[in-house]
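Residue-level listing of the chains:
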Amino acid sequence: MALRKCIYWNKVCPTCRVLLVSLNGPQITIHGKVKNARSGLQSYSTQANENNPSCETGYTVSKEDFKWVKRLLPPSKIPDPPKHAEYPTPSGWSPPLDPPPDLPYFVRRNKYHEFSVTVETKVGGGAFTHITKIEGDIWALNKDLARFLEPELKYDLATTVHEVNQRITVKGKFQDQVVKFLLLQGF
Amino acid sequence: MTESRFLNVVKKLPRVTLDNLKPNPGAVKRPANRRGHGNKGMYSQRPKRTMGQNLYNHFHERMPHYGFNRNEELKRQYLPLTLWNLQRLIDLGRINPDEPVDIAALANCRGLNFNTKDTNYYGIYLLEQGANIFQTRVNIEVQVANELAIATVEKQGGVITNTFFDRMSYLALTNPVKYFLKGDPIQKRLLPPEELVTYYTDPKVRGYLSDPAEVVKERQALADKYGYTLPDITKDSKFDMLMERKDPRQIFYGLSPGWIVNLADESVLKPDSDLYEEWAKM
Amino acid sequence: MFQIKLLPRLKVLHSFVRHQHNLTSVKSSLPNNLVLLGKAKDQLNVDHDTTDEVLPPDDNVPVIRKCVGTYSLCKQPAKVWVDSFANTEMVYETAAELNPDIFSTHPRIDVLHDVVKWQKVYREVDYRWARTRAEMGRGRKKPWPQKGTGRVRQGSTVPPFWKKGGIAHGPRGPKSLYYNMSAEQLIKALAIALTIKRVQSDLLIVKDIDVPMPNDVVATQEPLHDNALTLKSSLEEILKARSIDRNSILFVHGTDAPENLNLAVIDKRGWNTMPLVGLNVLSILKHDKLVLHLDILDELEEKLIWNMTRYPWLEMPHNFYKDMPINRDNLEKSLDNM
């Protein structure tokens with residue numbers, strides 16, 4: 001059974017492509033796909049076949065069923081995490097300490113409330129962990145990090161401190177250990 | 001903390017103007033050495049006497065070919081979603097466990113990246129990583145799932161189903177506003193192809209086309225296998241939410257095919273006659 | 001040779017004039033591995049009076065305006081004196097607080113360089129186009145017969161090795177130099193430019209930005225030219241009292257355009273006005289001084305912080321997100337007027 005449709009376009013906002021549809025006219029006929037939806041097309045009709053007779057219907061406008069559509073609209077702002085009874089949560093997340101700890105450096109969280117600790121893998125096997133969003137004395141952070149990570153390693157730890165970009169890279173895959181260290185410090 | 005020492009240095013240095021700006025060393029890439037082959041034309045595309053003085057073939061042209069990865073673009077692919085990732089999104093408040101979890105819910109919270117340009121993605125694959133820490137009751141709808149993942153979700157008192165979405169309805173779900181702005185009436189979801197019918201009618205995998213009576217038996221069988229007690233969902237406060245399922249021809253929760261969504265006036269247009277209801281369920 | 005006119009030494013140093021210390025006091029605070037070349041090194045050697053220095057406001061000073069939006073827990077809001085053009089002399093009585101995520105970020109000059117380069121280049125179109133041998137419009141005829149003339153055999157007069165022939169691999173048609181820059185980097189650069197202006201004492205926050213008409217003079221309907229001259233002279237007095245007479249200044253105002261200021265600034269080369277919508281890194285760095293109206297700061301901070309803490313946009317632009325700060329009632333009214 002072929003569906004037929006005909007919609008009257010009233011306004012098209014040129015800047016944000018918002019299509020403002022208002023149907024203040026007579027009965028609509030559902031009539032196939034509108035060919036050119038961007039221009040101000042008034043109506044579009046096909047020839048009715050014997051096998052597919054035209055089925056013009058009336059329509060009802062319902063505002064209660066719009067609640068199902070509201071669920072599908074995306075949010076634009078990142079929500080604040082809700083308050084839990086105990087920390088850390090099942091997935092291992094805990095909020096930063098308030099007031100912040102009394103250290104010469106400070107590591108901020110990104111907009112998703114997580115630490116910006118990323119791992120870069122190279123073809124052939126090498127890996128680096130990058131730590132960004134650092135404020136304050138980077139060299140002190142470097143020292144403390146090395147003291148935390150070295151006992152488990154059998155070799156010396158290799159780090160580069162990029163002072164201009166406020167970034168530390170550690171040679172190897174140490175994402176979990178670094179996040180654990182930052183949570184212990186209370187950032 | 002006091003004002004950063006970088007700002008104290010900038011205070012005393014001369015004014016920053018358009019003449020004083022410079023990129024970081026190593027940031028700007030200088031043009032490569034063309035080795036006497038010029039910039040354009042056929043001769044510049046040929047190898048330039050590197051890698052063992054070869055003049056005839058590039059390095060990657062010298063290897064023999066086998067058909068290992070042939071027709072890779074025709075195979076169906078699914079985006080991986082781990083249980084740990086799901087739990088992290090619920091902890092941070094980006095997913096609401098009081099509503100059924102869908103591809104649309106995951107796309108709206110930007111938990112997964114559905115923007116790939118590959119044309120053979122058909123949904124989500126639920127993986128078992130994080131089964132030891134998962135602790136929420138959810139009503140989740142995926143396309144493929146592991147056995148352990150199904151067991152963990154049901155142990156907590158949740159519900160899981162495997163459904164099939166054809167390519168067009170999958171694209172509609174990943175970006176519903178873009179789909180509604182086209183102005184078309186909502187399309188019907190297509191049934192799975194021959195290869196996948198046995199998968200989606202299988203109660204072991206909780207397929208959406210399977211017999212509900214057999215699904216009940218399989219839930220108990222899984223609980224016996226892994227050794228946990230199945231909680232009774234009927235006595236749960238969230239029973240109505242956990243029982244929400246989609247019709248096999250329905251793409252969005254609550255919106256049947258044939259309806260038109262009017263976003264500007266915040267309303268939905270529904271055809272009056274009964275013929276459309278029959279058509280929607282066919 | 002022309003004589004360089006030496007300006008008299010200024011006795012009163014305002015908070016927005018650069019004060020430069022002796023080399024000895026600077027040397028202890030600068031890091032050891034900093035290298036200064038040329039002009040920068042010479043400027044540091046100059047002696048200035050530092051007795052009449054103006055410090056930033058204390059905790060005792062009343063704060064007119066508190067900062068808007070969230071900021072990192074370890075930073076304190078930055079304090080700045082508030083001025084008004086209604087008074088000819090600067091009055092140090094009130095202060096304003098500024099969001100530290102915007103006005104005291106880490107100063108990264110390489111990010112500024114990237115954004116300034118992008119602003120200059122992304123609008124450019126390269127219109128060069130050179131004809132190939134097929135487009136010259138001549139050359140189908142064999143210039144001389146194959147044999148008998150004693151000259152080299154030639155088939156046409158238009159190949160690239162001929163004088164005035166076509167060009168083989170030349171520029172082909174209009175080519176755009178557009179490339180995209182992510183919104184995150186542009187916002188970061190704006191915040192860095194604003195911090196550098198504040199820290200180098202080139203930022204002025206002003207309560208009344210419109211220049212008052214002097215009481216003796218009556219504003220005439222026509223010609224505008226006379227009004228502009230009187231307003232320009234009164235503006236010059238105000239800025240001379242603050243000793244920024246000779247700098248290039250950028251005045252930033254809100255949606256209500258200050259008419260008197262716009263008239264006063266028409267004929268002067270370095271002084272420019274701009275609404276908040278047009279604020280960009282190139283203009284900030286091109287002008288020596290930046291003057292912001294107090295009413296703008298709320299909108300500025302709100303917008304920048306919302307952009308730093310929002311989700312990335314989904315595929316296509318539309319206005320149906322759940323909690324957008326744009327008011328949809330105003331949007332429909334503006335569309336009705338179109």
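About the thresholds
Residues numbered from 1 in each chain as written. Chains lettered and ligands numbered in written order. Predicted model: local features only at pLDDT ≥ 70, side-chain atom pairs only at ≥ 80, totals over all residues. Heavy atoms only, no water. Axes fitted to C-alpha atoms, helices over the stretch in contact; angles between N-to-C directions. Helix = DSSP H or I, 4+ residues; strand = E, 2+ residues; numbered from the N terminus. Parallel < 35°, antiparallel > 145°, perpendicular 65-115°, else oblique. Contact = heavy atoms within 4.5 Å. Nonpolar A, V, L, I, M, F, W, Y, C, P; charged D, E, K, R; others polar. Domains from an automatic or database assignment. Buried area = accessible area lost by both parts, 1.4 Å probe. Salt bridge = Lys/Arg side-chain N within 4 Å of Asp/Glu carboxyl O. Buried < 20%, exposed > 50% of the residue type's maximum accessible area, 1.4 Å probe, protein only. Pairing = 2+ DSSP bridges. Right-handed = clockwise from strand over helix to strand, strands pointing away. Patch = residues over 30% accessible without salt bridge, like charges linked within 9 Å, V, L, I, M, F, W, Y side chains within 5 Å. Areas by Shrake-Rupley, 256 points an atom, 1.4 Å probe, with all protein chains shown as cover. Lys, Arg positive; Asp, Glu negative; His and termini not counted. Charge placed at Lys NZ, Arg CZ, Asp CG, Glu CD. Core = buried A, V, L, I, M, F, W, Y, C linked by side-chain atoms within 4.5 Å.

## Points about the packing of helix H4 (residues 147-155) of chain B against helix H8 (residues 212-226) of chain B
Residues and elements named next belong to chain B. Look at H4 against H8: their axes get within 10 Å of each other, and the N-to-C directions meet at 100°. Between H4 and H8, the crossing angle belongs to the class labelled roughly perpendicular. Contacts between H4 and H8 pair Glu147, Leu148, Ile150, Ala151 and Glu154 from the former with Arg219, Leu222, Lys225 and Tyr226 from the latter. Its residues placed into classes, the contact of H4 with H8 shows five nonpolar, no polar and four charged.

## Considering the domain arrangement of chain C
Domain assignment breaks chain C into domain 1 (63-121 + 181-312) and domain 2 (125-176). For domain 1 of chain C and domain 2 of chain C, the distance between their C-alpha centres works out to 57 Å.

## Some thoughts on the interface of chain C and chain B
Facing the 43 residues of chain C at the interface are 35 residues of chain B. With both chains or domains summed, chain C and chain B bury close to 3700 Å², and 62% of this area falls on carbon and sulfur atoms. For the pair chain C and chain B, the number of links is four salt bridges. One salt bridge in this structure joins C:Asp288 and B:Arg15, with 3.6 Å as the shortest N-O distance. Mapped by element, the contributors of at least two residues to the side of chain C that touches chain B are helix H2 (39-44), helix H4 (109-121), helix H5 (183-199) and helix H8 (281-286) of chain C. The dominant element in the side of chain C that touches chain B, judged by the number of residues it contributes, is H4(C), at five residues. Among the residues forming the side of chain C that touches chain B, the class breakdown is 21 nonpolar, 12 polar and 10 charged.

## Considering the pairing of strand E7 (residues 249-253) of chain C
On any regular strand, side chains alternate: one points to one face of the sheet, the next to the other face. All names here are of chain C. Counting buried residues along E7, five of its five residues qualify, which places the element largely inside the surrounding structure. Residues Ile249, Phe251 and His253 line one face of E7 and the alternating positions Leu250 and Val252 line the opposite face, and both faces are buried. Here E7 runs beside strand E9 (residues 289-293); their pairing, made up of four bridges, is parallel. Across the sheet, the residue bridging to valine 252 is leucine 292, located in E9. Summarising the sheet, E7 and strand E8 (residues 272-275) pair through four bridges and their orientation is parallel. From the neighbouring strand, leucine 250 faces E8, where its bridge partner is asparagine 272. Once you follow E7 into helix H7 (residues 259-264) and on to E8, the crossover reads as right-handed.

## Looking at the sheet that holds strand E6 (residues 260-262) of chain B
Spatially, E3(A)-E7(B)-E6(B) is the arrangement adopted by the three strands of the open sheet, whose pairing is antiparallel. Looking at strand neighbours, the two that pair on one side only are strand E3 (59-62) of chain A together with E6 of chain B, the edges of this open sheet. In this sheet, adjacent strand axes meet at a mean angle of 25° when their direction is disregarded. When E3(A) meets strand E7 (residues 267-271) of chain B, the two strands line up antiparallel, connected through four bridges. Bridging across to E7(B), A:Val61 finds its partner in B:Leu269.

## Points about a negative patch on the surface
All names here are of chain C. Negative charge collects at one region of the surface, where Asp208, Asp210, Asp256, Glu259 and Asp295 lie side by side. One can find aspartate 210 in the loop between strand E6 (203-206) and helix H6 (224-241). For aspartate 210, a relative accessible area of 33% gives the class partly exposed.

## Some points on the nonpolar core
General note: in soluble globular proteins, nonpolar side chains tend to be found buried as a group. Formed by 56 residues in total, the largest nonpolar core has its most connected members in B:Phe180, B:Phe252, B:Leu255 and B:Leu263. With 42 residues, the next largest nonpolar core counts C:Ile102, C:Ala193, C:Leu285 and C:Leu292 among its residues.

## Some words on the interface of chain B and chain A
At the interface, 48 residues of chain B touch 52 residues of chain A. Where chain B abuts chain A, roughly 4500 Å² becomes buried across the two surfaces, and 61% of that area is made up of carbon and sulfur atoms. Along the contact surface separating chain B from chain A lie five salt bridges. Across the salt bridge formed by B:Glu244 and A:Arg71, the nearest N and O atoms sit 3.8 Å from each other. Among the secondary structure elements, those contributing two or more residues to the side of chain B that touches chain A are helix H1 (5-12), helix H2 (83-91), helix H3 (103-108), helix H6 (176-180), E6, E7 and helix H10 (274-281) of chain B. Top element by residues in the side of chain B that touches chain A is E7(B). It accounts for five residues. In the side of chain B that touches chain A, the residues fall into 25 nonpolar, 10 polar and 13 charged.

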